Amino acid sequence: MKHFSQKLVAITLIVIALTGCKKDDPSIEVSNIVLDKEQIALGEGGTEQLTATVLPEEATDKTVTWTSSDETIATVDDKGEVTAVKAGTATITVTTKDGGKTATCKVTVVVPSMTFTTTKAIGEKIELQINAEAADQAGVWIDLNNNGKKDDGEAVTTFDDKKRVSYIIGAQTITIYGKITNLNCYFNQLTQLDISKNTALTYLSCYSNQLTELDISQNTALEELDCSSNQLTQLDISKNTALTYLDCNFNQLTQLDISKNTALTYLCCGGNQLTQLDISKNTALTYLYCNFNQLTQLDISKNTALTYLSCGGNQLTQLDISKNTALTDLYCNSNQLTQLDISKNTALHFLWCFSNDKLTKLNVANGNNSNFKFPYGDNPAFAATNCPKLTCIKVDKGFDPSGQTGTGKKWKKDATASWHNDGTDCP
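Computed from a predicted structure; not experimentally measured.

Glancing now at the overall build of the protein chain. Along its length, the protein chain carries one helix and 30 strands. A compact globule built from 427 residues should have a C-alpha radius of gyration of about 22 Å, whereas the protein chain, at 33 Å, is more than 25% larger. Overall size of the protein chain, expressed as C-alpha extent along the three principal axes, is 120 × 90 × 35 Å. The buried share of the protein chain, taken over its 427 residues, is 43%. Counting contacts in the protein chain only where the partners sit at least 6 residues apart, residues at least 24 apart contribute 41% of the total.

In structure tokens, the structure reads:
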């Protein structure tokens, strides 16, 4: 027993000694830091996100600080977002708290400019409409021969929101220098357009060109954009929260996210390949043209300011417009609607719902039938032809559509359908 007690004491002492010598696991020190970009170029007002990676990955303290060598040229926030202030160069440095390891990125802030490429031949003309603030107009010029120098005849002297000016090109890549607010460059056979270095732009019309991509992420001041009739397969407008007008008709878009564009009042997105369109956040919308897509549903219950809706040529089976009492013009032709009720839309004075071959119920009695009129020439004010299942159309009590004559006043229906104007519902 004595020997056992001695052994137990000895073992206990060894355990205590080993435990007393044991230290906590040491922290893992930072060995390096790297940036995803070593140099960037920005136009005045442009932004760029830098991403820092602290090594090793399992380092204990990954805290970093960001600094700029010249904040009059470029600034950086505590998350690594760089903002260009004025032309010049600056160095952005990120430093680790542990070990003081650093990585740098050279930032070049350039004079505002926009560059485009055309398939037009040298010696041909391009037509542009350019505008700028009065204080900036003296600095605007166009490099027609792509030599990087301002030559005779390259000063822009006409600034107008309506007048387009012809320029003879000496190269197929053209750069416009200076702080420009408005650019209209449609019908110029453009294949590329870079506006990222001109953040002052508020209006851009580049429709009917051959653009396959358009990056407007730096153009946060943009209020109006018409990029229709190009070959765009995607369009990211999430940074363009000032947009009030967007026309992207007749491209090749399969999706369009406008959830961040709550200031939008005018939207044309027809002739694309959209299968869904969420406009629930766009409560300021007054004009919507989404014809010729592949939409199977369209919820406009939140869009009570809507006055114009054209959603023809889709695959809609129902359309509830009961909340849209400001609606004046409605095109819902060439869908798969089974019924349509506009009785609550008392401001409506125009309706085309033809070529809905599943339509069986149609209530047009909104108290305003006598004021129906097509707004653009001598087309019918009401058209419900090519609706073979429709046999009865309810209209205002006492109203006789067949007696409506004159330019834009006619009412059209199939011979198999009858007008119902006695104030009761269709049988």
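Now that the structure is up, let's keep going.
Tallying each qualifying case throughout the model produces one disulfide. Here Cys392 is linked by a disulfide to Cys426, with a sulfur-sulfur distance of 2.0 Å. Looking along the S-S bond of the Cys392-Cys426 disulfide, the torsion reads about -75 degrees, which is the left-handed sense. Here the residue Cys392 occupies a position in strand E28 (residues 392–394), and Cys426 occupies one in the segment after strand E30 (418–420), the gap between them amounting to 34 residues. For Cys426, a relative accessible area of 26% puts it in the partly exposed group. Considering cysteine sulfurs only, Cys332 is the nearest to Cys353, which forms no disulfide, with 5.3 Å between them. The exposure class assigned to Cys353 is buried, which follows from its relative accessible area of 0%.

Turning next to the packing of aromatic side chains. Per the stated rule, a full pass over the model turns up 20 aromatic pairs. Ring geometry for Tyr245 and Tyr266: centres 4.2 Å apart, planes at 10 degrees, overall stacked. In this pair, Tyr245 is assigned in strand E19 (residues 245–247) and Tyr266 in strand E20 (residues 266–268), connecting sequence segments 21 residues apart. Tyr245 gets classed as partly exposed once you look at its relative accessible area, which sits at 24%. Taken together, Tyr245, Tyr266, Tyr287, Tyr308, Tyr331, Phe350, Trp352, Phe354, Phe374 and Tyr376 form an aromatic cluster joined through their ring pairs. Cation over ring: Arg164 sits above Tyr186, and NZ or CZ is 3.8 Å from the ring centre.

Right, let's get into the pattern of salt bridges. Tallied over the entire structure, the rule returns six salt bridges. Between Glu48 and Lys37 there is a salt bridge; the shortest N-O distance is 3.5 Å. Of the two residues, Glu48 is situated in strand E3 (residues 47–49) and Lys37 in the loop between strand E1 (32–35) and strand E2 (39–43); the sequence distance between them amounts to eleven residues. In this structure Glu48 comes out as partly exposed when scored by relative accessible area, which is 23%. Glu127 is the salt-bridge partner of Arg164, the closest N and O atoms lying 3.4 Å from each other. With Arg164 in the loop between strand E12 (141–143) and strand E13 (165–168) and Glu127 in strand E11 (residues 125–131), the pair connects residues that are 37 residues apart, well separated along the chain. Judged by relative accessible area, which is 18%, Arg164 ranks as buried. With relative accessibility at 35%, the residue Glu127 sits in the partly exposed group. Through salt bridges with shared partners, one network takes in Asp36, Lys37 and Glu48.

Conventions adopted
The residue numbers shown here count from 1 along each chain, following its written sequence. Given that this is a predicted model, residues contribute local features only at a pLDDT of at least 70 and side-chain atom pairs are listed and counted only at 80 or more, while totals for whole chains, interfaces and linings are drawn from all residues. Side-chain calculation: all heavy atoms of the structure are included, whereas hydrogens and water are not. We count a stretch as a helix when DSSP gives it H or I for four or more residues in a row; a strand needs E for two or more, and each element gets its number in order from the N terminus. We compute the radius of gyration from the C-alpha atoms alone; for a globule the expected value is 2.2 Å times N to the 0.38, where N is the number of residues. With a 1.4 Å probe rolled over the protein chains alone, any residue whose accessible area is under 20% of its type maximum counts as buried; one over 50% counts as exposed, and the rest are partly exposed. Any pair of residues with heavy atoms lying within 4.5 Å of one another is described as a contacting pair. Working definition: a disulfide is two cysteine sulfur atoms within 2.5 Å of each other. Between 30 and 60 degrees the pair is tilted, below 30 it is stacked and above 60 it is edge-to-face, where a pair is any two Phe, Tyr or Trp rings, Trp via its six-membered ring, whose centres lie within 6.5 Å. The criterion for a charge sitting over a ring is simple: Lys NZ or Arg CZ within 6 Å of the ring centre, and within 35 degrees of the ring normal. Any Lys or Arg side-chain nitrogen found within 4 Å of a carboxyl oxygen on Asp or Glu counts as a salt bridge.

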